[in-house]
Structure formats: structure tokens, C-alpha cells
Amino acid sequence: MYLPPHDPHVDDPMRFKPLFRIHLMERKCATVECMYGHKGPHNGHIQIVKKDEFSTKCNQTDHHRMSGGRQEEFRTWLREEWGRTLEDIFHEHMQELILMKFIYTSQYDNCLTYRRIYLPPSSPEDLIQPGLFKGTYGSHGLEIVMLSFHGKKAKGTKITGDPNIPAGQQTVEIDLAHPLQLPDIENLRDFSELSRIVLEVQEQVRREEQEREQRQEEEEHPQQAASQPASPLGGEGAEGEETAAGAEGRTQDKDPASQPFVLPMGVISRNEDYPRTCRICFYGTGLIAGHGFTSPERTPGVFVLFDDDRFGFIWLELKSFSLYSRIKVSFQNAQAPSREAFDEMLKNIQSLAT
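A brief report on the enclosed structure follows.

Cut-offs and rules
Residues numbered from 1 in each chain as written. Predicted model: local features only at pLDDT ≥ 70, side-chain atom pairs only at ≥ 80, totals over all residues. Heavy atoms only, no water. Salt bridge = Lys/Arg side-chain N within 4 Å of Asp/Glu carboxyl O. Helix = DSSP H or I, 4+ residues; strand = E, 2+ residues; numbered from the N terminus. Buried < 20%, exposed > 50% of the residue type's maximum accessible area, 1.4 Å probe, protein only. Core = buried A, V, L, I, M, F, W, Y, C linked by side-chain atoms within 4.5 Å. Expected span 1.5 Å × (residues − 1).

1. Things to note about the pattern of salt bridges
Per the stated rule, a full pass over the model turns up 21 salt bridges. Note that Arg21 and Glu33 form a salt bridge whose closest N and O atoms lie 2.6 Å from each other. Pair noted here: Arg21 is in strand 3 (residues 20-24) and Glu33 is in strand 4 (residues 30-34), with a separation of twelve residues, a long-range link. The salt bridge partner of Lys158 is Asp162, with a shortest N-O separation of 2.7 Å. For the pair shown, Lys158 and Asp162 are each scored as buried. Counted as one network, the salt bridges with shared partners bring together Lys50, Glu53 and Arg115.

Below, the structure is given as C-alpha cells:
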């Protein structure tokens, strides 16, 4: 199992933890050992469920338990997974979230199902090389996100989840057709100024979607459309705004030089060691929800590209910032056989999460 580094050090390397091992014997026999827990290898079982999927089961779950009971197990888990002690965590909400995560994961330590995931395919038009990234998620700690490109959209899909947003869900979506022109560094410190810029683009995106739906309806019902007056929103004004946004994008494309960057006042970041320059920013949306993935909704935000290996996302509604850093582990045989196979995998892991 590959584990992210301790929060909030996104640039640190991944950690490795063995979960099971297989001894191949003579006459096509094999023994399976579970490596979970602190009492050494013990008897386990592996079952091939179907193509690209298998399950492991521990046959001696007492090896996972500690003499000091759940309290000792929780303290050990906290030290290994988070790199800290219970006394280090003063925030009551963070204590609650961490405890929820421990209870959830420890419930399933005796039986795990593994499904193959593919690394996203790349093309020369991509903003950066797609792949896996470590990201900060506030009190949830570090999580793993897969960044993939889909025409004028980029998607960040959670590979690991938390009590609010489970693995498989699309945590961020970047609208590559709508770059954002950030204000100068002094005005960027003003959260209300950044919020105004983002909400204006959000309204523009909403109008463009309405126009697309209207055009689609007109194509489906041409006779009805011919008898109706033209909509003022669908005229020169809307086209002019869209052209302006496109011109802005082309201007930024022509000027790849970095621009100064700083988080607005009031925006919370787990990692204050974020880059102070960025290449380009885009309008995007981020998925938020209550505990247990209740009342999920997409909210506006800012995607910030720092360099080839790091990007960020400002969650406008949460006044929070996530910093993402590329995982540089080399995974063998992880490329998708086709674009269609990768898209199908994304659908499958999202359906499992819901």
C-alpha cells in the first residue's frame, strides 16, 4: 500500500507498507500471509473475484489487535498515519474527523477488495502531464488525486477519500476554456476582489450553458424557433463576451512567464510553503459535502498552475486552499490500453463510491 507523506508535507515521498505476501509452492500450490498489524505475518486468503479485481481476507484477525485495546490501536495508528500524537491535535473538529477515519478504516482491515486503476493517457495538448498527485484537504490530511484531461475540461478524481467525499468522486473540475486574469499582487490579497472575478466568470459560464441548451432546442424544433424573436442574450453581447474570454486565454497562452501569487487574506492553507509565482489560473468547481457524502454540491473555485509538478485549488465557499504535488513513483504496466478503457474505469470507480 502506498501511503501519502505526513500532513501537510506534500512534496515528501510516498510511504510503502506491505499488506500481504504469497509463497508459491510446488505443484501449483501457494500460501497467503496477511502482513497487517504488529504481530508479524499470519494466515490469510486471496480470492480472484473477476477480471482486474481480487479480494484478500485475514484468517487470524486477533493479530491486528493490541493488548492495550482500541485506545492503544488508535494512538499507534495516529502516530504512523499522521506522524503526531493525540496531544498534538488541539482542534476539536479535527479530532472528530481523525477518529471517524480510524473507526472506518479499522472496520475493514480484515477483508479488502482491490480493483485495477489505470494512469490517465496524455496528449501534447495537455496543460501538464496528467497523473497522480498528493493534495492537502484541511483537517482530513493528505489525499491522493488523479488529474486527467478531457478536451476543454480537466478532472481531479479522488483515489483516496475521507468521511465527507469518498474515493472515486470528482473532487475538482477545471474549465480550460475560461482562464482567469488575477489582479495585481496587492489586490489579490483582498478576498472580495478575487471572489468578484470568479463569480463573474461563473455567471458567464451559466449564460453560455443556457445558450447551448437553447441552440440545441432550436435544432431539435426548428419550426418553433423560427416563430420566436431572437433572445437578447443570444445576440452580439454574449458572443462578444465569449470572444473576450477567448482573447484573454490566447493572451495568457502567448505569455508563459510566471506571475506573482499570494493567497488572499482569510484563505486557510495547511501548507504555508506554497509557491509564490504561478503560470496560469482557470475557473473551476470543487465538490463539497457533509459527513457521509450528504448534500453534495459543486462550488466555484480557482485552479492555480504553479509548475509541471504542482498546482493548487482555492475553494471559494470554504475559504480554503489545497496544494497538490506530483507522485513520482514509477508504476509498471499501469497505462490504459485505450482512452475508452480509461474513461470506463473512471465511471466504474465513481459508481462504486456512490
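Following the structure, the description resumes.
2. Some thoughts on the nonpolar core
If you look at the biggest cluster of nonpolar residues, it comprises 26 residues, and the most contacted ones within it are Leu180, Phe261, Val302, Ile314 and Phe321. Counting residues per element, this core draws most heavily on helix 4 (residues 191-220), which supplies six residues. Among the nonpolar cores identified, the runner-up in size contains 18 residues, and Ile174, Ile288, Trp315 and Tyr324 belong to it.

3. Structural notes on helix 4
Given a rise of 1.5 Å per residue, 30 residues ought to cover 44 Å, and the 43 Å separating the end C-alpha atoms of helix 4 matches this to within 8%. Listing the buried residues of helix 4 in full gives Phe191, Leu194, Ser195, Ile197, Val198, Val201, Gln204, Val205, Arg207, Glu208 and Glu211.

4. Looking at helix 1 (residues 69-82)
For helix 1, built from 14 residues, the straight-helix expectation of 20 Å at 1.5 Å per residue is met to within 8% by its first-to-last C-alpha distance of 20 Å. For helix 1, the full list of buried residues reads Glu73, Phe74, Thr76, Trp77, Leu78 and Trp82. Once helix 1 finishes, Gly83 follows within two positions and takes phi at roughly 70°, a positive value.

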